[in-house]
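Observations on chain architecture
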Amino acid sequence: MGGKNPLLTPKCVIPFCYLFSAIFLVLAITLFVSISKVDEITQRYDKDCTTKCNITIEPTKDMLAPVYFYYQLTNYHQNHRKYIKSRSDKQLRGETLSYADSSVCDPIRSYDDKESTKEVYEPCGLVAWSKFNDTFSIMEESTQKSVGFTEKGIAWESDLDEKFKNPDPLPDPDSPTTIQSNYQDEHFIVWMRVAPLPTFRKLYAILKTGKLEKNKKYTIQIENNYPVHQFEGTKSISFSTSTWIGGKNSAIGWCYLVIGLLLLALSISFTLKHLLWGRELGNSKYLSWNKN
Amino acid sequence: MRRKKKETLRRVFANNSESNDRYINNKVTNSKYHWWSFLPINLWEQFGRFMNQYFLIIATLQLWTEIAPVDPKTIWGPLSFIFLLSAIKSGLDDLNRHRVDKKANERIFHVIRDCEPRDVMSKNIRVGDIIYLKENMESPCDLVLLSSSNKDGSCYIQTANLDGETDLKTRVALKGTRVLNSQGLLSQFKGLIECKPPNPEIYLFDSRLKMETNDTDEDFLSLSVKQTIFQGVHLKNTKFIYGLSVYTGNETKLGMNKLPPESKWTKIDRQINNMTIVIFCIQFLLVLSLGALGSLWKSKEGKKKFYLYYPRDEEWYQFLIIPLRFLLLISLMIPISVKVTLDICKSLYALFINWDLKMWDYDNNIGAYANNTSISEDLGQIEYIFSDKTGTLTENIMEFKKCSIAGISYGNKHKHSSALKDPRLCKAIKNQQPEVILFFLNLALNNTIVPIKIKNKDRIAVNSSFSQEDSRYDDISVVENSKKIDIAIDYDSNDDSDDDVNVGSDEDEILLKLDHSGETKKKDKNLDSLNEHQVKNESGKQKKIIYKASSPDEEALVKAASTMGIEFVERETKTLTLIFNLHDAKSGRNKIKRQYELIKTLNFTSDRKRMSVLIKEIGTQEIYLFIKGADDEIFKRLDPQTDEALLEKTKNDVENFARKGLRTLLFGYRAVTGKELKRFLKEYKTANNEIEGRERELEKIFHKFEQNFHLLGATAIEDKLQDQVPETIRILREAGIKIWMLTGDKYSTSLQISKACNLIPHNGIVYKIEGGEQIAVEKCIKAIFQKIAVNQQNYYLFIGGKTLEIALNSLKSKLIKLCINANSVICCRTTPQQKSKVVKMIKDLKKMTLAIGDGGNDVTMIQTAHIGVGIVGKEGLQAVRASDYSISRFKFLLRLMLVHGRYSYYRTAFIVQYSFYKAIFFCVIQIIYNFWSGFSGISFFNSMSVMTYNGIFTAFPIFFYLHDKDVSEELIYLNPQLYLDSSKGRFFNKKTLFWWFVRAVYQGAITMLFLAFIFKDRDYLYAMDGSGADQALISMTGFTAVLLLQTFTLALETKHWTLYNHLIIWGFLIFYYLSSLLANSLPNFEMYYAMFRTFSDPIHWLACLLINVVAQLPVIIAKYWSSQYTPTRADLIREKEVYYRSNGLPINIAHKSKKKNLIYSKIIPSYNSSDFGNNGIFDPIRDCFGKRDFKRMNKKDPLTRLIKDNIENELLKKHNELHSITQTNSKNSSFNHLKIVETDDDYYFLSGNSQSMFSTSSTSSSFQDNEMMI
């Protein structure tokens, strides 16, 4: 069988380095340009907030729709093994969960630890049980009029369609076994999509039309329910616009820039090394030890 | 079945099966399992493996959902699959063994049991049965010879299966029993034999026989080895025998000499095991430290977090949970698939060997075969080869080559020509020169050969049924021929005797034999003329003479005489008949029949080293004493008045013959007067009647009588070496392998052969360890040590069997020291057990050993060595059955080791290291992710990813590494030193493992850190709908990056790219994308819809690109740098190959066409190429320091330079006579113009390029001889 035996020769390695260096640098510049167009306002609110408080923000530029409104938690381990596993997707799809099957929801399994299917929490599990319950409403400070943020369409469509369905009959909101009466509540679904890292943002509302105007003050009315102090976490809110790579993700831009420069340096040094001290390819003198 | 009580004395009653009931039957078993014991034994064996125990524990722990990171199915599925596969494999292997056993056990034999004749299967033969054996049959068990077709109760046997000696031995029945040569008489026989319990001594059989069991007065007759026919022995030259079976089944001498089949582990297997243990330790440490961190985090942080809902009081076992979770999470570090992957790869290596047409023996239509499918890598790791001599290095065919008569040497003209075709000799015969006639008379008379006439019709009868084969093989050598005739005799006896039984089964036997002989047919044109001698007898019928010889040398001599016209046609007890078929000046050919009376034969013994016959010519009444023997013995018995010049000339010739590796014999004669004869016979008679010291007395008389000879001349016989043995040995040596020869043959023959086959150079210093007692041996060893200390040179060592035994028992450490420093060691006169002891001695030094042999006497050695190679030879299939690999010629060993061994090792080394690498890499990601999840033991990847990563995406593409090669085959032949890459373990050692480990950790860390950096908190939002990063998304992006990384790693490590590689490597990537999109559209999956989002997210692609470049960059740089600036030998050779190929230069001609391939292959044996640093001398400094040899090579060592220059000068001198193959390298690079150019000053393979790739010194003779090198 024929075949090729590629070699890592200067002729292929050095151009390869130059090529990638160029790609990386171009990408880095593109990224930085795109990122610079993204506007973002973030403000912590848990420190000075009691049960209810207002926060005021003032965009320095016009923020055109879509403007995304997030809440952000830190030091919150949604990815903790105990937490992440404590849910029943079956139940969330609207099926009835027997007591035996609810073991996946440990430790939030059934009301008063009763071993009965009827007593199983609806929905069971730590994730649902610890749902974030602060609420926000965004108003123009001067007019006290609500800005057109909508809380619809914040969850993945696929989740709404397939993964989260209300059980039949609907859980009784007053029952002690009911944790979440509407499984298709989008805030709930967003929360149920666990975050991979201990600092995370979750979408709360979207401004689909219009804009947040420059030098205009906006008030966010917060109902502060969720406890974070005991585990040294923080809570913030954030407004952001987006571009083709998403939000203000400068990290990736920096990565590309650094690697691109590194590649460039490598290419140049390889070229020099090859030109000054390179060796002839396929020359036998390196193998036989007495030829000059 | 087995006796419970230990047997002290075995009493065997003939015709009384009841009293022999307690002994086992003759069933031979080599299999391991019965159908009912298969499952338990196999499972027990599988769980005996550390790795399997480990996996079982892990899999059991997985069932505990609280600690299982992923779905338990992901580990149980593969595990049971692996167990099943392994069980099926060993089951099939055992089934094969059952089949072979069955075939052996179901041969039908004719026996007499309980006074009745019957036919039984071999397995049902019992102790006490009287067995009827016919010529060429193999004895099914150990027999005591009772009678034979000969009146004197003698028979001939061949014990090759037992001790490897192919000459015929005689066995004589006791006087009392030899009359019982018919069924009728034997069924009345009520004898009793008392013998020792079963033992493995093949030269000892102390027992006694009583003719009548009930007769208490009768004395016992003593039996010795002389009366035995052991299992596996073939009956020869005797029509039939009867024998009483004494040992059966696995209790026979052969059975006791068999070692239990031991499952072999390759060096890599052991290394994998060690590595597994190391990784296990690392794992344990990681589990402890991560568990501790996890517990710490839990008590410091976790308990503060309400959403984790830690209860105040916990169950007692809770402290175990986190460490156990980590244990399961990183249990994948020891890849479960590695064993199965390796098993499959190993089976494929075995198939590559079986399919290899370059190891196909076209003469016999046998290919190589791997009996053991699991140890191919070890073929690449061999440091010592132990070779049998006869039938392995040599053809086991003797050929009369040269002679020196009356000071004239014949057959000298050409290296390969025979004296028998020398016109000067023919002329001498024609002129009836008296010395020449006497010389050939001596050849014809002085032997123990029995000529046998064959009626031509028998031969035709046999031939006609197999004419097809005959027409295919026109030239058939001596051995086959005699086999054919043997069969003819069989037919004869079938026709004649009424008491013959079971013709049908015998015919089967014959067919089998014939098939076998058909297989071992060998073309040999030189022998052709000697083969058949047809004489017209009185009635004008064609008759044919074949010679039954106990030694192939004698046969060669008699045949030589016959070719020259002095034909030995008949031997009666006292009369020898010759036919002189000489040219007469007047009437052309003239036949004269002459008869001689054989007065006395003074036999050949190894002490006497000579043989004489006392002959009286009937008619002239002249008495002659003819002598033949070793040169030293004959020279000192010559007439003192012998012509000095003649003596000098003959001595010179003998020396010349010996130097060519021929076996020499000297011949002399003297006339004896009647008086002298009378005195001698009288003395002989008195001496012969003495009881004490008879031997000594006889020797004294013989010595006195054998004096004053006239020198006739000398003969030189070639024990023909197999094709390309010297070249093979040379290349193997250059590959850094030590080759020892272990033979049962005697010292002088071994020495000659070892010189002929390049094992010892002609000027090599040979030391012989001698001595029959410990003190003497010790002294001898000491003396050799002193000599070595003074000489400081390469030396070669000879040890005899007895001495070896003593040295092995009491002077082992000294012996080892002496042996391993020797260039080569030759052990002669060794028993099978001693052979295996020698192998074991080296094996115990942790050296990798390979034993190669063809006979039953090599079986123990073959089983002892790491790798046993059996040669499909003339001595039965024992060796092949016991071996791991069977080949048909010694030269194929080269390909087996250098190509298959090296590649297998190279590939396995990669596959193993890669398997561990990818597993560790995966686990590193998992571990690092836990730093962000409170050390909770979470899996970053979902169950699906974990399973498919190990089970599909990384498991399958590596199979296509199976045809990867770092250097092409031709270049390994040209640079045998490349074998050191594998034998020194350069592809797989602590260093390479360390770098793979670093690579895994680095790439794993890079992957996870970059992922976290890019997806970190607030910066990330999904461009389409603004949602933040979610676990499913980051994990799938990570998984895509991981698979891309693995794909590129495989691509980077593939050195030989073919279409398949492209298809598989890139195909699997496409397969991944498609399958993940499919999985993504199934709502029940965890990753439902996540892939659509992932793939439509630019961040995903940017992350993958970034991670891959950063992860692979250092690897590429390291590879580039090392191959450019610190290249290994393999790197440079590979580079050269690629460079030449890409320029259309001739390295690739071997691939292109058959014709070119042939020319190419002919160059290989004479590849003394200097251009590749391949100067024919193995240089340890250059070759043992892989990386650094590039730098070292440029330093000019004065000594090595001297050697090198000498060789080059020699080459230059030589090359004027040489043909050169030149590749015209035109600018258009139309490289198909290959032509053979005869030039004076250009013997380089390439013209027009001063730095040529190959220089060839291919001689014209090598064009004929070295047809199948690769």
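Residues numbered from 1 in each chain as written. Chains lettered and ligands numbered in written order. Predicted model: local features only at pLDDT ≥ 70, side-chain atom pairs only at ≥ 80, totals over all residues. Heavy atoms only, no water.

You'll find chain B entered in an unreviewed UniProt entry as Phospholipid-transporting ATPase, with Anaeramoeba flamelloides given as the organism. Word for word, the UniProt comment on chain B under Subcellular location (unreviewed entry) is "Membrane". Under the UniProt heading Sequence similarities (unreviewed entry), the note attached to chain B is "Belongs to the cation transport ATPase (P-type) (TC 3.A.3) family. Type IV subfamily." (UniProt positions renumbered as here; feature names shortened; annotations may be inferred.)

The name given to chain A in an unreviewed UniProt entry is Cell cycle control protein, with the source organism recorded as Anaeramoeba flamelloides. Listed in UniProt under the heading Subcellular location (unreviewed entry), the comment for chain A reads: "Membrane". As recorded by UniProt, the Sequence similarities (unreviewed entry) comment attached to chain A reads in full: "Belongs to the CDC50/LEM3 family."

Concerning the overall build of chain A
Of regular secondary structure, chain A possesses seven helices and 10 strands. Here the C-alpha radius of gyration of chain A, 28 Å, is well above what a compact globule of 292 residues would show, namely 19 Å. Over its C-alpha atoms, taken along the principal directions, chain A stretches across nearly 95 × 55 × 35 Å. In chain A, buried positions account for 52% of the 292 residues. (Helix = DSSP H or I, 4+ residues; strand = E, 2+ residues; numbered from the N terminus. Rg over C-alpha atoms; globule rule 2.2 N^0.38 Å. Buried < 20%, exposed > 50% of the residue type's maximum accessible area, 1.4 Å probe, protein only.)

What about the overall build of chain B?
From N to C terminus, chain B includes 46 helices and 36 strands. Counting the 1270 residues in chain B, one finds 58% classified as buried. Looking at chain B alone, contacts between residues at least 24 apart form 73% of all its contacts between residues at least 6 apart. (Contact = heavy atoms within 4.5 Å.)

Considerations on the interface of chain A and chain B
Where interface size is quoted, it is often the accessible area lost as the parts come together. Taken together, the contacts link 94 residues of chain A with 105 residues of chain B. Between chain A and chain B, roughly 8,900 Å² of surface is buried when both sides are summed, and carbon and sulfur atoms account for 62% of that area. The interface formed by chain A and chain B includes two salt bridges. Note that Lys304(B) is salt-bridged to Glu232(A), the shortest N-O span being 3.0 Å. Along the contact surface separating chain A from chain B lie 16 residue pairs in polar contact (both at pLDDT 80 or more). (Buried area = accessible area lost by both parts, 1.4 Å probe. Salt bridge = Lys/Arg side-chain N within 4 Å of Asp/Glu carboxyl O. Polar contact = N/O pair within 3.5 Å; in protein donor to acceptor, adjacent residues only side chain to side chain.)

Let's talk about the pattern of salt bridges
Evaluation of the coordinates by the stated rule reveals 57 salt bridges over all chains. Measuring nitrogen to oxygen at the nearest pair gives 3.9 Å for the salt bridge that ties Glu95(A) to Arg93(A). Exposure remark for Arg93(A): the relative accessible area of 23% places this residue in the partly exposed category. For Lys768(B), the salt bridge goes to Glu770(B), with nearest N and O atoms at 3.6 Å.

A short note on the UniProt feature "transmembrane region" (unreviewed entry) in chain B
Residues and elements named next belong to chain B. As annotated by UniProt and renumbered to match this structure, "transmembrane region" (unreviewed entry) occupies residues 277-297, 317-338, 905-932, 938-962, 993-1013, 1033-1052, 1059-1079 and 1099-1121. Secondary structure content for residues 277-297 is 100% helix and 0% strand, and the end C-alpha separation is 30 Å. Annotation note: span residues 1033-1052, helix share 100%, strand share 0%, distance between end C-alpha atoms 28 Å.

Examining the sheet that holds strand β6 (residues 149-150) of chain A
Here five strands make up an open sheet; going across it, the order is β1-β10-β4-β7-β6 (chain A) and the pairing antiparallel. Single-partner strands in this sheet number two, and they are β1 (40-44) and β6 of chain A. (Pairing = 2+ DSSP bridges.)

Quick word on the environment of Leu438(B)
All names here are of chain B. Note on placement: Leu 438 falls in helix α12 (residues 434-445). Taking C-alpha positions, Leu 438 is 9.8 Å from Phe 667, a pair spaced 229 residues apart along the chain. When sequence neighbours within four positions are dropped, the list of residues in contact with Leu 438 reads Phe 626, Tyr 669 and Leu 712.

Thoughts on helix α36 (residues 1031-1053) of chain B
For α36(B), which comprises 23 residues, the first-to-last C-alpha distance of 32 Å matches the rise-based estimate of 33 Å (1.5 Å per residue) to within 8%. Counted residue by residue, α36(B) has 21 buried out of 23 residues, so it is predominantly covered. (Expected span 1.5 Å × (residues − 1).)

Digging into the packing of helix α31 (residues 892-930) of chain B against α36(B)
Residue and element names in this part refer to chain B. Look at α31 against α36: their axes get within 12 Å of each other, and the N-to-C directions meet at 155°. Judged by the inter-axis angle, α31 sits roughly antiparallel to α36. Crossing hand, α31 versus α36: right-handed. Across the interface between the two elements, Phe 910, Tyr 914, Tyr 917, Lys 918, Phe 921, Phe 922, Ile 925 and Tyr 929 of α31 pack against Gln 1031, Phe 1039, Val 1042, Leu 1045, Gln 1046, Thr 1049, Leu 1050 and Glu 1053 of α36. Looking at side-chain class alone, the contact of α31 with α36 contains 11 nonpolar, three polar and two charged residues. (Axes fitted to C-alpha atoms, helices over the stretch in contact; angles between N-to-C directions. Parallel < 35°, antiparallel > 145°, perpendicular 65-115°, else oblique. Left-handed = near helix turned anticlockwise from the far one by under 90°. Nonpolar A, V, L, I, M, F, W, Y, C, P; charged D, E, K, R; others polar.)

Structural notes on the packing of helix α1 (residues 10-36) of chain A against helix α39 (residues 1098-1125) of chain B
Angle between the axes and distance between the axes are the two parameters that describe a pair of packed helices. Their axes nearest at 12 Å, the elements α1(A) and α39(B) cross at an angle of 155°. As summarised for this structure, α1(A) and α39(B) are arranged roughly antiparallel, according to the angle between their axes. The chirality of how α1(A) crosses α39(B) is left-handed. Facing Pro10(A), Val13(A), Ile14(A), Phe16(A), Phe20(A), Phe24(A), Leu27(A) and Leu31(A) of α1(A), the residues of α39(B) in contact are Leu1102(B), Leu1105(B), Leu1106(B), Val1109(B), Ile1116(B), Tyr1120(B) and Gln1124(B).

Remarks on the state of the cysteines
Residue and element names in this part refer to chain A. Following the criterion strictly, the structure yields two disulfides over all chains and no others. Two residues share a disulfide in this structure: Cys 49 and Cys 53, whose sulfurs sit 1.5 Å from each other. Where Cys 49 bonds to Cys 53 through sulfur, the torsion about that S-S bond is close to -100°, and the disulfide is left-handed. The same class applies to Cys 49 and to Cys 53, which are both buried. (Disulfide = S-S within 2.5 Å.)

Describing the UniProt feature "transmembrane region" (unreviewed entry) in chain A
All names here are of chain A. The UniProt feature table records "transmembrane region" (unreviewed entry) at residues 12-35 and 251-272. Across residues 12-35 one finds 100% helix and 0% strand; the C-alpha atoms that close the span lie 34 Å apart. The span residues 251-272 is 100% helical and 0% strand by assignment, and the distance between its end C-alpha atoms comes to 32 Å.

Digging into the sheet that holds strand β29 (residues 765-769) of chain B
All names here are of chain B. What the nine strands build is an open sheet, ordered β14-β34-β33-β32-β15-β28-β31-β30-β29; its pairing is mixed. The open sheet terminates on both sides in strands that have one partner only, identified here as β14 (369-370) and β29. With five bridges joining them, β29 and strand β30 (residues 795-800) adopt parallel strand pairing. Residue pairing for β30: Tyr 767 is matched across the bridge by Leu 797.

Observations concerning the pairing of strand β13 (residues 240-247) of chain B
Residue and element names in this part refer to chain B. Buried residues dominate β13, accounting for eight of its eight residues. Relative to β13, strand β4 (residues 130-134) runs antiparallel, the two being bridged by five bridges. In the strand pairing of β13, Ile 130 is matched with Leu 244. Inspection of the sheet shows strand β5 (residues 142-148) paired to β13 by six bridges, in the antiparallel sense. Within β13, the residue paired with Ser 148 across the bridge is Ile 241.

With respect to helix α32 (residues 943-953) of chain B
Taken together, the buried positions of α32(B) are occupied by Ser943(B), Ser945(B), Val946(B), Thr948(B), Tyr949(B), Asn950(B) and Phe953(B). Elements in contact with the buried residues of α32(B): α3 (73-105), α10 (337-355), α31, α36 and α37 (1059-1080) of chain B.

A look at a negative patch on the surface
A cluster of acidic residues, Glu18(B), Asp21(B), Asp114(B) and Glu116(B), forms a negative patch at the surface. Mapped onto the fold, Asp114(B) is located in the loop between β2 (108-113) and β3 (116-121). (Patch = residues over 30% accessible without salt bridge, like charges linked within 9 Å, V, L, I, M, F, W, Y side chains within 5 Å. Areas by Shrake-Rupley, 256 points an atom, 1.4 Å probe, with all protein chains shown as cover. Lys, Arg positive; Asp, Glu negative; His and termini not counted. Charge placed at Lys NZ, Arg CZ, Asp CG, Glu CD.)

Some remarks on the nonpolar core
A general tendency of soluble globular proteins is for nonpolar side chains to be buried together. Phe69(A), Phe136(A), Phe149(A), Trp191(A), Ile220(A) and Phe239(A) are the most contacted members of the largest nonpolar core, which has 195 residues in total. Among the elements that take part in this core, α31(B) stands out by supplying 18 residues, more than any other. Discounting residues that sit within four places of it in the chain, Trp191(A) has contacts with Tyr71(A), Leu73(A), Tyr76(A), Gln78(A), Tyr83(A), Val127(A), Ser130(A), Lys131(A), Phe132(A), Phe200(A), Lys202(A) and Tyr226(A). (Core = buried A, V, L, I, M, F, W, Y, C linked by side-chain atoms within 4.5 Å.)

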